[in-house]
Amino acid sequence: MGLVLRHCGSVSEEMSNSSENEVESLPQSIEEKHQELGVSHVPIVSSFNERIRPLLDAVDKLRHLQVMKEGIQLPTIVVVGDQSSGKSSVLESLAGISLPRGQGICTRVPLIMRLQHHTAPEPELSLEFNGKTVPTSEAKIANAISLATDEIAGNAKGISNTPLTLVVKKNGVPDLTMVDLPGITRVPVHGQPENIYEQIADIIMEYIRPEESIILNVLSATVDFTTCESIRMSQKVDKNGERTLAVVTKADRAPEGLLEKVTADDVNIGLGYVCVRNRIGDESYKEARKEEADLFENHPLLSKIDKSMVGIPVLAQKLVQIQATIIARCLPEIVRKINEKLNASISELNRMPKTLSSVGEALTTFMSIVGSAKESLNKIIVRGEYDEYLEDKNMHCTARLVEMLNQYSGELHNCSENDLTGNFLMDEIQVLEEAKGIELPNFLPRTTFLSILQKKVEKVSHIPVAFVEKVWTYIEGVVISVLMHHSENYHQLQLSTRRAGHNLIARMKEHSRNWVTEIVQMEKLTDYTSNPEYMNDWNKLMAQQHDFTRDVLENGYVATFKIEGLGVVPIAGLRGSVLEIL
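Let me sum up the structure you'll find in this document.

Calculation criteria
- Chains are numbered independently. Their residues run from 1 in the order of the written sequence.
- With the structure being a predicted model, the display of local features is reserved for residues of pLDDT at least 70 and the display and counting of side-chain atom pairs for 80 or more, all residues being used for whole-chain, interface and lining totals.
- Excluded from the side-chain calculations are hydrogens and water; all other atoms, namely the structure's heavy atoms, are used.
- Secondary structure counts use DSSP, requiring at least four H or I residues in a row for a helix and at least two E residues in a row for a strand, with both numbered from the N terminus.
- Only protein chains enter the accessibility calculation, which uses a 1.4 Å probe. A residue is then buried if its area is under 20% of the maximum for its type, exposed if over 50%, and partly exposed in between.
- The criterion used for residue contact is that any of the two residues' heavy atoms lie within 4.5 Å.
- Residue count minus one, scaled by 1.5 Å, sets the expected span of a helix.
- Patch membership requires over 30% relative accessible area and the absence of a salt bridge. Like charges are linked within 9 Å, and nonpolar side chains (Val, Leu, Ile, Met, Phe, Trp, Tyr) within 5 Å.
- Every accessible area reported is derived by Shrake-Rupley at a probe size of 1.4 Å, with residue values counting cover from the shown protein chains alone.
- Salt bridges are defined as contacts in which a side-chain nitrogen from Lys or Arg sits within 4 Å of a carboxyl oxygen from Asp or Glu.
- Two rings from Phe, Tyr or Trp (for Trp, the six-membered ring) form a pair when their centres are within 6.5 Å of each other. A pair whose planes differ by under 30 degrees is stacked, one over 60 is edge-to-face, and the rest are tilted.
- Here a polar contact means two N or O atoms within 3.5 Å. Within protein one must be a hydrogen donor candidate and the other an acceptor candidate, and residues neighboring in sequence count only if both atoms are side-chain atoms.
- For two strands to be treated as a pair, DSSP must find no fewer than two bridges joining them.
- Between N-to-C directions, angles cover 0 to 180 degrees, with each direction set by a line fitted to C-alpha atoms, over the stretch in contact for helices.
- Working definition: roughly parallel below 35 degrees, roughly antiparallel above 145 degrees, roughly perpendicular at 65 to 115 degrees, and oblique for all remaining angles.
- Whether a crossing is left-handed or right-handed is set by the direction in which the near helix is turned from the far one by less than a right angle, anticlockwise for left-handed and clockwise for right-handed.
- In plain words, nonpolar cores are sets of buried Ala, Val, Leu, Ile, Met, Phe, Trp, Tyr and Cys residues tied together by side-chain atoms within 4.5 Å.

Considering the overall build of the protein
Then comes step 1: A tally of helices and strands in the protein yields 20 helices and 11 strands.
Then comes step 2: Taking all 582 residues of the protein together, 43% fall into the buried category.
Then comes step 3: Contacts spanning at least 24 positions in sequence make up 73% of the contacts within the protein whose residues lie at least 6 apart.

A word on helix α4 (residues 52-64)
Then comes step 1: Spanning 13 residues, α4 covers 18 Å between terminal C-alpha atoms, matching the ideal 18 Å at 1.5 Å per step.
Then comes step 2: Residues Ile52, Arg53, Leu55, Leu56, Ala58, Val59, Asp60, Leu62 and Arg63 constitute the buried set of α4.
Then comes step 3: One or two residues past the end of α4 sits Gln66, with phi positive at roughly 60 degrees.

A closer look at a nonpolar patch on the surface
Then comes step 1: A surface patch of nonpolar side chains, amounting to about 550 Å² of accessible area, comprises Tyr534, Met535, Trp538, Leu541, Met542 and Leu566.
Then comes step 2: Taking the relative accessible area as the measure of exposure, Trp538 reaches 39% and is therefore partly exposed.

Description of the packing of aromatic side chains
Then comes step 1: Applying the stated criterion across every chain yields a total of two aromatic pairs.
Then comes step 2: When the centroid spacing of 6.1 Å and the interplanar angle of 20 degrees are considered together, the rings of Phe225 and Tyr273 count as stacked. Of this pair, Phe225 sits in the loop between β7 (213-220) and α8 (229-237) while Tyr273 is found in strand β9 (residues 273-275), placing the two residues 48 residues apart along the sequence. In terms of burial, Phe225 and Tyr273 fall into one category: buried.
Then comes step 3: Centre to centre, the rings of Tyr408 and Phe467 are 4.5 Å apart; their planes meet at 20 degrees, and the pair counts as stacked. Remark: Phe467 occurs in helix α16 (residues 462-486) and Tyr408 occurs in helix α13 (residues 397-413); sequence separation between them is 59 residues. For the pair Tyr408 and Phe467, a shared accessibility class is recorded, and that class is buried.

Overview of the side chain of Thr249
Then comes step 1: When you line up the elements, Thr249 lands in strand β8 (residues 244-249).
Then comes step 2: Taking the relative accessible area as the measure of exposure, Thr249 reaches 0% and is therefore buried.
Then comes step 3: Reaching out from Thr249, the side chain makes a polar contact with the backbone oxygen of Ser85 at a distance of 2.5 Å.

Observations regarding the environment of Glu488
Then comes step 1: Along the chain, the position of Glu488 falls in the loop between α16 and α17 (491-525).
Then comes step 2: Taking the C-alpha atoms as reference points, Glu488 and Pro353, separated by 135 residues in sequence, lie 9.2 Å from one another.

Observations regarding the sheet that holds β7
Then comes step 1: If you trace the nine strands from one edge of the open sheet to the other, you get β4-β3-β5-β2-β6-β1-β7-β8-β9, paired in mixed fashion. Strands at the two margins of the open sheet, each flanked by one partner only, are β4 (132-136) and β9. Pairwise comparison of adjacent strand axes, ignoring direction, gives a mean angle of 25 degrees for this sheet.
Then comes step 2: The pairing of strand β3 (residues 124-129) with β4 spans five bridges and is classified as antiparallel. By the bridge assignment, Leu125 is partnered in β4 with Thr136.
Then comes step 3: The strands that α8 touches are β1 (76-81), β7 and β8; relative to β7, the one it contacts most, it runs at about 155 degrees.

Quick look at the environment of Glu510
Then comes step 1: Of note, Glu510 is situated in helix α17.
Then comes step 2: Under the relative-accessibility criterion, Glu510 is labelled partly exposed at 34%.
Then comes step 3: Put simply, Glu510 and Trp472 are 38 residues apart on the chain and 9.6 Å apart in space, counted from C-alpha to C-alpha.

Here we look at the packing of α13 against α16
Then comes step 1: Where α13 contacts α16, the axes come no closer than 11 Å and their chain directions differ by 165 degrees. The angle between the axes of α13 and α16 places the two elements in the roughly antiparallel class. When the axes of α13 and α16 are compared, the crossing they make is right-handed. Contacts from Cys397, Arg400, Leu401, Met404, Leu405, Gln407, Tyr408, Glu411 and Leu412 in α13 reach Ile463, Pro464, Phe467, Lys470, Val471, Tyr474, Ile475 and Val478 in α16.

Here we look at the nonpolar core
Then comes step 1: Among the nonpolar cores identified, the biggest contains 57 residues, and Leu94, Leu127, Leu164, Leu166, Met178, Leu315 and Leu319 are the most heavily contacted of them.
Then comes step 2: With 15 residues, the single largest contributor to this core is helix α11 (residues 312-350).
Then comes step 3: In this structure, Met178 is in contact with Ile77, Val79, Leu91, Leu94, Leu111, Ile112, Met113, Leu115 and Leu319, ignoring residues within four places of it in sequence.
Then comes step 4: Counting residues in each nonpolar core, the second largest holds 26 residues, with Leu377, Val468, Val482 and Leu483 among its members.

Quick notes on helix α5 (residues 87-95)
Then comes step 1: With respect to burial, α5 is a largely interior element, nine of its nine residues being buried.
Then comes step 2: Taken as a whole, α5 has its buried residues at Lys87, Ser88, Ser89, Val90, Leu91, Glu92, Ser93, Leu94 and Ala95.
Then comes step 3: Positive phi shows up at Gly96, right after α5, with a value of about 70 degrees.

What about the pattern of salt bridges?
Then comes step 1: All chains considered together, the criterion is met by 20 salt bridges.
Then comes step 2: Arg63 is the salt-bridge partner of Asp60, the closest N and O atoms lying 3.3 Å from each other. With Asp60 and Arg63 both in helix α4 and three residues apart, the pair spans about one turn of that helix.
Then comes step 3: A salt bridge links Arg383 to Glu385, with the shortest nitrogen-to-oxygen separation between them at 3.3 Å.
Then comes step 4: Residue class for Arg383 comes out partly exposed when judged on its relative accessible area of 39%.
Then comes step 5: In the salt-bridge network here, residues are joined through shared partners; they are Asp60, Arg63 and Arg114.

Below is the structure:
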């Protein structure tokens, strides 16, 4: 991967230093290229720049490394078309080899065709699939593809999304890499699954959806382009046709109106049309090209089509040019994304634990984990620093603990014992009546006060205990999270660490719960307090004693009395009880 990246980087930098006009400066005719080469026998089209082949090799290597599974899209020419649209004939003409033919779907897996022009007289053909490379020959290539397809997709007529790569190194082929996809069919034949259309559509959409894909849409001249399913699919992802090139096959079978079809462009083909003639019967590829040239030169209707829109050589030139342009545009971004992925993987690899070869190394690592966890807990719980967990608000301990304290205070103040809408004064008078004769007249019995105090403390005693439970449950979650974070590279240690953390927190929780319960019980046993607020409240209440006594004893019709610090309290019915006590 590193070698490929360096290769891509150097080549893409070299390409970026060239002007865009150089990418677009393809020879405008085969004859010009022939003159430039100075040879009598030339291929369909040759790479116009020696730098294109290294770029294409780099992209092919990246595809072989399956970087697309990492979400990195590669520039790809994707060949789509309805069943029997002539897709195989076009690819055969470009590659100069015979592909499988027959009834139904012949292409049952994505066929990645890597075409490479080279000067050796004998072609080199091979198939790459399931991690192996199988050499083959021109005579046996169709059968070899069929056998490889059966191995990938089964012997039935089903399809598979696992690609098969065909490498063709041959004198005369253009430097191209294309992905041929299964032909679109709506009606399953015998042996095909009922949802064959949906399966094919899913594969096609997966390949043509990325913005880096160039869609080579193969259309038959014998049909209305607007009704083609392949057009409908490509328009879903490329509405304006900016990355769609159309190849019109079988031009000799339906020449009437073809000129109007390709010039009117009712289906938005942004990269233009190329009309071709399919190879017929046992014609050689050289004979087929000659017949095609004669057809578009001499036919009364087809000869009117611009020469820049007809013939396999023109198609090959356009594909090479489009391919070069999109690779030059996309490769720097691809290199950037791969570097990002690579750096992330290296960082993750560096976080992996080192091999511990001795007990001493294991103990040192363990103490380092404990020390790091201790420092993190000290930061987030004691010092209130949460830079390690910026996005996880649950780990902002000081803020969460303040929220819990505020909720605890609110529960205490809003509990039923602080509800003054009830006649609590009458309840207290009833307690005083039960203490008659125990103390001297005109003296408040201490046992009575303790009885009232114990009753109130008992009713609120569950609140502080529940608060302790809540706080320790939160602290337990924080401690376990920190321990798991610092020991994430040592999964065999995490189970023991979690168990130790739970046991430690359980002991601390039990200790705190007992301590708070003890404090609550102490509050029940004494009425003594050193809180200065007590005397302040007592003085405020005593300052209102005269008015309170007046309203209770003299103004019997008064139903409520506002006590500063307590609010409005009911006093109706207190007069008789107060007089009786007095």
